[in-house]
There are 2 protein chains.
Amino acid sequence: MPVIDVHTHIYPPTYVDLLRSRTTVPYVRTFPDVPDSSRLIILPGEDDPSALSTSRGRPIGPEYFDIAQKIAFMDAHKIDVSVISLANPWLDFLPANEAGDTARKINDDVDGLCARYPGRLYAFGTLPLSAPVETVVKEIERLAGLKHIRGVIMGTSGLGNGLDDPALDPIYAALEKHEQLIFLHPHYGLPSSVYGPRANEYGHVLPLALGFPLETTIAVTRMLLSQVWDRFTKLNVLLAHSGGTLPFLAGRIESCINHDGHLKKAGNTEGRRDIWDILKTNIYLDAVIYSNVGLKAAIDASGADRLLFGTDHPFFPPLEEHVGEWHSVSANYSAISSAFKGNEEPAKDVLGNNAIRILKLHP
Amino acid sequence: MPVIDVHTHIYPPTYVDLLRSRTTVPYVRTFPDVPDSSRLIILPGEDDPSALSTSRGRPIGPEYFDIAQKIAFMDAHKIDVSVISLANPWLDFLPANEAGDTARKINDDVDGLCARYPGRLYAFGTLPLSAPVETVVKEIERLAGLKHIRGVIMGTSGLGNGLDDPALDPIYAALEKHEQLIFLHPHYGLPSSVYGPRANEYGHVLPLALGFPLETTIAVTRMLLSQVWDRFTKLNVLLAHSGGTLPFLAGRIESCINHDGHLKKAGNTEGRRDIWDILKTNIYLDAVIYSNVGLKAAIDASGADRLLFGTDHPFFPPLEEHVGEWHSVSANYSAISSAFKGNEEPAKDVLGNNAIRILKLHP
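The notes below deal with the structure included here. Remember, it's a predicted structure, so these values are computed and weren't measured experimentally. (Residues numbered from 1 in each chain as written. Chains lettered and ligands numbered in written order. Predicted model: local features only at pLDDT ≥ 70, side-chain atom pairs only at ≥ 80, totals over all residues. Heavy atoms only, no water.)

**As for the sheet that holds strand S3 (residues 38-41) of chain A**
Residues and elements named next belong to chain A.
Link 1 in the chain: Across the sheet, which stays open at both edges, the 3 strands sit in the order S2-S3-S4 with antiparallel pairing between neighbours. The open sheet terminates on both sides in strands that have one partner only, identified here as strand S2 (27-30) and strand S4 (58-59).
Link 2 in the chain: Strand direction decides the pairing type here: S2 and S3, joined by 4 bridges, are antiparallel. If you follow Tyr27 over to S3, its bridge partner there is Ile41. (Pairing = 2+ DSSP bridges. Helix = DSSP H or I, 4+ residues; strand = E, 2+ residues; numbered from the N terminus.)

Laid out in structure tokens, this is it:
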């Protein structure tokens, strides 16, 4: 039974060099009060100078950029294949004239890493979204020819105005045409004001536990409202963290659309496909949800044939040293076996078979 | 089999008069371009002068303030008992020196409305949270003596700094002591920037479908992180809209707490009760979720003995005229029968028996 991890990140050497050369978020740097380790600062607000260095970003070691460590992690967790993706914030921050070249270099770098371990690594590519749209479309066409690439990872900002921006249509059209799935992943979270004055006391919990999935939920709902899937009926999107909160809120979203007088009057949603149809036709969900409660809702919403195991490695390592199996990984393994209560076939599908079929892998 | 609606709002006459006397949000007013109806503007940003009048707030008719219409709605939907609550934004906007008197007047008004229909109406009271804390505590003590009051409805702002504010401790202590449940209800949503530049085209969908439940989720997670339930182990909270998204995200929240180096170092969460314990001991969820997917997650998280039927009346009326049963209500009825698949006992509990037991009602 193959186990395939579709949510696992890498900072390839070309990308780490780029982050080390920077002095504003996102960047990698060493703080004078913790000289023995570099820290990776990727979230807005994480470099608040008043915060302790230990709450500024996270330590970055070889597990972030050394592909051999990815393979070692896979071996320790019985993962046969990983579909690696560049970790956030991808290339959103690059000047327009550099983005295209940088994306090509990084995508080639990642494809090359995969080639080193035949049958064990595939990847989602990264788009130069700050470049002109034609450059983005060209990179999508080029990615379709790279041996190990199986889609693209994207954040929620699109070209700067979100994923409901009609200017993205040529990009969605190219992705649909080349059967490249979008792995939609959060990064920006929510404005820090929503966490209140005590947020710093809670470490990274609020932005990570809530900001990330809520950002994803808003982004995908905006796509839905702008009728992306009515225009691109074969565009497939894999949502990180089991859809943020989409499975849980789908009923409320659908009800609010159906009860909105303004929408009805404007005729904006006439003939639209409903959220359940899209959840079962265009949306895939990873199984990175850490409990069988959420996982069962994800299964109910999209179907056991549309869920895909993931780990979020190298994030959420154990706080203790010398732990063999990571708690964050075993929580996701347990959620799957508990959600299916010994029904082995759908559990195997979620663990690996779905990914093989959907992403056309050859493990 | 009694059917009891625990999520149903009223703007009693004293409160409507107050809103009509105001010119900034929240307020009730008549627009020159729609002279035949008053509109209720309660959400931040809803009175954007560039928006169409039809997207400014919502029409307010007698179903908002006439208690006879509440009873008619209950009769039409086979609801035996309603536990009414003042609709948002409650009294958060009042000057400190007026809040205490206004709260007393409104709470007496609401208790009096209940007295008119013996056995059919109970209520959650409203706290004067902008008044000095002693005034709030006094009102809690007074409410405990009112015949039809079974707790208090509260928004997420608390005294202005959220529900994780230690200054709320005397209020939590008084509520715990007098066995008054908090009905925690959203109002402020999220900063409008998160909805992007096209938000106006989507009517109220994004703030209502997402802003509301996400606000609730953030508020309750902040309570959890500030260890409110470690200090007040018998404080009970009923979460609106099936917990916002708490049941779905509980696993991720727990995992993020357990993996946060900063929290661990600070020792802030040592000996804390975990989220599943609190979900099954201190938290109740309403069943206002419009689909069996979300409802099943709510049941999995808190237990069928902790879920309570609700309608959110008078919000989400049908857009068509002359509809007998409201779609928004039948969606919640269907979700319950479908979640329990003909298992009648727990369905009856959610529809009414739980409310009788938890709120000590005498229908």
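**A word on empty space enclosed by the protein**
All names here are of chain B.
Link 1 in the chain: In total, this model carries 4 cavities of 30 Å³ or more according to the counting rule given.
Link 2 in the chain: There is about 70 Å³ of room inside the largest cavity.
Link 3 in the chain: Leu224, Leu225, Gln227, Trp229, Asp230, Ile257, Thr269, Arg272, Arg273 and Ile278 together form the lining of the largest cavity.
Link 4 in the chain: Listed by contribution, the elements that provide at least two residues to the lining of the largest cavity are helix H7 (205-225) and helix H8 (228-231).
Link 5 in the chain: Tallied by class, the residues present in the lining of the largest cavity amount to 5 nonpolar, 2 polar and 3 charged. (1 Å grid on protein atoms, 1.4 Å probe; cavity = no way out; pocket = protein on both sides within 12 Å on 5 of 7 lines; lining within 4 Å. Points joined across faces, edges and corners; volume = space filled by probe spheres on them. Nonpolar A, V, L, I, M, F, W, Y, C, P; charged D, E, K, R; others polar.)

**Some words on the pattern of salt bridges**
Link 1 in the chain: Tallied over the entire structure, the rule returns 24 salt bridges over all chains.
Link 2 in the chain: Notably, a salt bridge pairs Asp300(B) with Lys296(A), separated by 3.2 Å at the nearest N-O pair. With Asp300(B) in helix H12 (residues 292-302) and Lys296(A) in helix H11 (residues 292-302), this pair bridges two chains.
Link 3 in the chain: The partly exposed category is assigned to Lys296(A), whose relative accessible area is 23%.
Link 4 in the chain: The salt bridge involving Arg272(B) is made with Glu254(B); its shortest N-O contact spans 2.7 Å. On the criterion of sequence distance, the pair formed by Arg272(B) in the loop between helix H10 (261-266) and helix H11 (275-281) and Glu254(B) in helix H9 (residues 246-258) is long-range, its members being 18 residues apart. (Salt bridge = Lys/Arg side-chain N within 4 Å of Asp/Glu carboxyl O. Buried < 20%, exposed > 50% of the residue type's maximum accessible area, 1.4 Å probe, protein only.)

**Digging into the packing of helix H6 (residues 205-225) of chain A against helix H8 (residues 246-258) of chain A**
Residues and elements named next belong to chain A.
Link 1 in the chain: Two elements in contact, H6 and H8, have axes whose closest approach is 12 Å; the angle formed by their N-to-C orientations is 40°. With respect to the hand of their crossing, H6 and H8 are arranged in right-handed fashion. The residues of H8 that touch H6, namely those facing Thr217, Val220, Thr221, Leu224 and Leu225, are Leu246, Leu249, Ile253 and Ile257.
Link 2 in the chain: Here the contact of H6 with H8 is composed, by residue class, of 7 nonpolar, 2 polar and no charged. (Axes fitted to C-alpha atoms, helices over the stretch in contact; angles between N-to-C directions. Left-handed = near helix turned anticlockwise from the far one by under 90°. Contact = heavy atoms within 4.5 Å.)

**Description of the layout of surface pockets**
Link 1 in the chain: Each pocket or cavity is described by its volume, and for the largest pocket that value is around 1100 Å³.
Link 2 in the chain: Of all the elements in the fold, those that place two or more residues in the lining of the largest pocket are H8 and helix H9 (261-266) of chain A together with strand S4 (58-59), helix H2 (62-65), helix H3 (67-76) and H7 of chain B.
Link 3 in the chain: Looking at the lining of the largest pocket residue by residue, the classes come out as 20 nonpolar, 15 polar and 10 charged.
Link 4 in the chain: By volume, the second largest pocket amounts to about 820 Å³.
Link 5 in the chain: Along the walls of the second largest pocket sit 34 residues, with Arg58(A), Pro59(A), Tyr64(A), Pro317(A) and His259(B) positioned nearest its centre.
Link 6 in the chain: Sorting the residues of the lining of the second largest pocket by element identifies S4, helix H2 (67-76) and H6 of chain A together with H9 and H10 of chain B as the ones contributing at least two each.
Link 7 in the chain: Its residues assigned to classes, the lining of the second largest pocket shows 16 nonpolar, 11 polar and 7 charged.

**Notes on the nonpolar core**
Link 1 in the chain: If you look at the biggest cluster of nonpolar residues, it comprises 261 residues, and the most contacted ones within it are Tyr11(A) and Tyr11(B).
Link 2 in the chain: In this structure, Tyr11(A) is in contact with Val16(A), Leu19(A), Leu40(A), Ile42(A), Tyr64(A), Phe65(A), Ala87(A), Asn88(A) and Phe315(A), ignoring residues within four places of it in sequence. (Core = buried A, V, L, I, M, F, W, Y, C linked by side-chain atoms within 4.5 Å.)

**Observations concerning the relation of the copies chain B and chain A**
Link 1 in the chain: In the superposition of chain B on chain A (RMSD 0.0 Å, axial shift 0.0 Å), the rotation amounts to 180°. The transformation relating the two chain copies, once decomposed into turn and shift, fits a two-fold axis.
Link 2 in the chain: Of the interface residues in chain B, 100% have counterparts in chain A that sit at the interface too, so the contact is made through matching surfaces. (Least-squares fit on C-alpha atoms with pLDDT ≥ 70 in both.)

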